[in-house]
Amino acid sequence: MNLLIKNGRVIDPSQNFDDVADVLVEAGVVKEIGKSLKAPAGVETVDAAGKYVVPGLVDMHVHLRDPGLEYKEDIVSGTRAAAAGGFTSIVCMPNTKPAIDNKAVAHYIINKAKSEGFCNVFPVGCITYGMGGERMAEMGELKEAGCVAVSDDGRPVANAELMRRALEYARGIGILVISHAEDLALVGEGVMNEGFTSTELGLKGIPRVAEDIATARDVMLSEYTSSPIHIAHVSTRGSVRIIREAKARGVKVTCETAPHYFTLTDDAVRGYDTNAKMNPPLREADDVAAIKEGLRDGTIDCIATDHAPHHLDEKDVEFNAALNGIIGLETSLPLSLKLAEDGVLTLHQLIEKMTVNPSKILGIMRGSLRVGSVADITVIDPSAEWTVEVEKLAGKSRNTPFGGWRMKGVATCTILDGAVAFSRQ
Ligand SMILES: [Zn+2]
């Protein structure tokens, strides 16, 4: 299928391009970008006047819940939600049932996504078998099966010696390690950020230092082993500072944050709203300011969703008993665009953190509209205003704190491999 995307503002940070132009797609690749391109015979035209045309968005932190937990989400519903949110590539975490600790599970995910999915799915394999934190998984086998990184996300690798060996082994075979940075002893029985609000609500707190210590340890292990590390879902001022300082002295550390960490504070927990319960927890205004500074100065490389679907029965319970996590694929784009609207980031910086940066960190050859690139493209209407109606979301689960919020900006057309995967009328 051939496509001509006409008159959009093409923003492609991978080649420093930002101008009104047409994009011609032929045989699944970007053929040409230029002014007033002629539509060859039989080409389908997409009118993008007044819209942004950007490389297909990449989300490097998603929980698809498939295999084993399909009552929360599955590969079809999850990729449908991703395409509706403007994502053409997502990276899924290994805490499925069974976990992605062997090639059979990785193959199942890749094949099902290819045959039934609405976007590219790149799986992450486990660092340890069953995420048990005891025995290293066969990283070579996982890489060969198509895993783009390894992580025990959802759980930290508590044993520093094991994490050191994992980093050394990963460096040897060239696979990225993603750290879920959390010290479980400091977390204890905490269920929200430790501070004024947790005291007022009478809920047990999780101190920021539980994240900071684990970030510092993994940064130091990365430095010691000269192995790259990526810190998932950064939420504290301390973590941002530690990563900034490490980058300045040349440590190969990268990191991501999620929209809720620059949009909400632990005030959202008031009323004991379990849709404000996630791990790491929502922090305070000072942390939100630090996350924004980290995004602006390049300390934070990527915006990822940490899309974590849960069934209503797992959320509609007492706060202490509710499971951690929120969905995010369909609200990430507008919440992130707000950073540009508020002047926190330039559009170039914002698109970079949602396209080329995660692609480079993962080595997945996406996130660019260079001639010859795979034609994964997102068309965004930046001025469309809409209300989040949870019942109408494309995924299976409804656990979002943004229900009823007014949003500005939406993906109107998501193009995968040169074909329209999602279109909003
Ligand atoms: Zn995590």
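Shown above is the structure to which this text applies.
Residues numbered from 1 in each chain as written. Predicted model: local features only at pLDDT ≥ 70, side-chain atom pairs only at ≥ 80, totals over all residues. Heavy atoms only, no water.

## Regarding the overall build of the protein
Then step 1. The helix and strand inventory of the protein stands at 14 helices and 18 strands.
Then step 2. The C-alpha radius of gyration of the protein comes to 21 Å, within 12% of the 22 Å expected for a compact globule of 425 residues.
Then step 3. Overall, the C-alpha framework of the protein stretches about 65 × 45 × 45 Å when taken along its three principal axes.
Then step 4. Here the protein, with 425 residues, has 60% of them falling under the buried criterion.
Then step 5. Considering only residue pairs separated by 6 or more positions, the protein has 74% of its internal contacts joining residues 24 or more positions apart.
Then step 6. The average position of the 45 basic charges and that of the 58 acidic charges among the side chains of the protein differ by 3 Å. (Helix = DSSP H or I, 4+ residues; strand = E, 2+ residues; numbered from the N terminus. Rg over C-alpha atoms; globule rule 2.2 N^0.38 Å. Buried < 20%, exposed > 50% of the residue type's maximum accessible area, 1.4 Å probe, protein only. Contact = heavy atoms within 4.5 Å. Lys, Arg positive; Asp, Glu negative; His and termini not counted. Charge placed at Lys NZ, Arg CZ, Asp CG, Glu CD.)

## Comments concerning the environment of Ile 90
Then step 1. Looking at the secondary structure, you find Ile 90 in strand S7 (residues 87-92).
Then step 2. The exposure class of Ile 90 is buried, given its relative accessible area of 0%.
Then step 3. Along the backbone, Ile 90 and Leu 64 are 26 residues apart, and their C-alpha atoms lie at a distance of 9.5 Å.
Then step 4. Dropping the residues within four chain positions of it, Ile 90 is found in contact with Asp 59, Val 62, Leu 64, Thr 79, Ala 82, Cys 119, Asn 120, Val 121, Phe 122 and Leu 329.

## Remarks on the coordination of the zinc ion
Then step 1. Protein ligation of the zinc ion involves Asp 153 (OD), His 180 (ND1) and His 233 (NE2), the donor distances falling in the range 1.9 to 2.2 Å.
Then step 2. Site description for the zinc ion: donor spacing in sequence, D-x26-H-x52-H. Of the two residues, Asp 153 is situated in the loop between strand S9 (149-150) and helix H4 (160-173) and His 233 in the loop between strand S13 (229-231) and helix H8 (237-248); the sequence distance between them amounts to 80 residues.
Then step 3. Overall, the relative accessible area of 2% leaves Asp 153 in the buried class.
Then step 4. Since its relative accessible area comes to 3%, His 233 is described here as buried. (Donors = N, O, S within 2.8 Å, 3.2 Å for Na, K, Ca; no water.)

## What about the pattern of salt bridges?
Then step 1. Under the definition given, this model contains 29 salt bridges.
Then step 2. For Arg 208, the salt bridge identified is with Asp 287, shortest N-O distance 2.8 Å. With Arg 208 in the loop between strand S12 (205-206) and helix H7 (209-225) and Asp 287 in helix H10 (residues 285-296), this pair connects stretches of sequence that are 79 residues apart.
Then step 3. Salt bridges linked by common partners bring Glu 161, Arg 164, Arg 165 and Glu 168 together as one network. (Salt bridge = Lys/Arg side-chain N within 4 Å of Asp/Glu carboxyl O.)

## Focus: the packing of aromatic side chains
Then step 1. Under the counting rule described, the total for this entry stands at 1 aromatic pair.
Then step 2. Where Phe 402 meets Trp 405, the ring centres are 4.8 Å apart and the plane angle is 85°; that geometry is what we call edge-to-face.
Then step 3. A relative accessible area of 31% means that Trp 405 is categorised as partly exposed. (Phe/Tyr/Trp six-rings, centres within 6.5 Å; stacked < 30°, edge-to-face > 60°.)

## Focus on the nonpolar core
Then step 1. By size, the foremost hydrophobic cluster in this structure holds 65 residues, and its most contacted members are Ile 90, Ile 127, Met 163, Ile 231, Val 253 and Leu 295.
Then step 2. Looking at which element gives the most residues to this core, the answer is H4, with 5 residues.
Then step 3. Not counting residues within four places of it along the chain, the set of residues in contact with Leu 295 comprises Thr 257, Phe 262, Ile 300, Ile 303, Leu 339, Leu 345 and Lys 353. (Core = buried A, V, L, I, M, F, W, Y, C linked by side-chain atoms within 4.5 Å.)

## A few points about the packing of H7 against H8
Then step 1. Where H7 contacts H8, the two axes come as close as 8 Å, and the packing angle between them is 15°. Considering the angle they form, H7 stands roughly parallel to H8. For the crossing formed where H7 meets H8, the hand is right-handed. Two secondary-structure elements touch here, H7 through Glu 211, Asp 212, Thr 215, Ala 216 and Val 219 and H8 through Gly 238, Ser 239, Ile 242, Ile 243 and Ala 246.
Then step 2. Along the lines of polarity and charge, the residues of the contact of H7 with H8 split into 5 nonpolar, 3 polar and 2 charged. (Axes fitted to C-alpha atoms, helices over the stretch in contact; angles between N-to-C directions. Parallel < 35°, antiparallel > 145°, perpendicular 65-115°, else oblique. Left-handed = near helix turned anticlockwise from the far one by under 90°. Nonpolar A, V, L, I, M, F, W, Y, C, P; charged D, E, K, R; others polar.)

## Considering helix H13 (residues 347-354)
Then step 1. Judged by how many residues are buried, H13 sits mostly within the fold: 6 of 8 residues are covered.
Then step 2. Listed as buried for H13 are Leu 347, Gln 349, Leu 350, Ile 351, Lys 353 and Met 354.

## Remarks on the sheet that holds strand S15 (residues 302-303)
Then step 1. The strand order across the open sheet built from 8 strands is S6-S7-S8-S9-S10-S13-S14-S15, with neighbouring strands paired in parallel fashion. In this open sheet, the two strands that pair with only one neighbour each are strand S6 (57-62) and S15.
Then step 2. As paired elements, strand S14 (residues 253-257) and S15 share 2 bridges and run parallel to each other. Opposite Thr 257, over in S15, you have Ile 303 as the bridge partner. (Pairing = 2+ DSSP bridges.)

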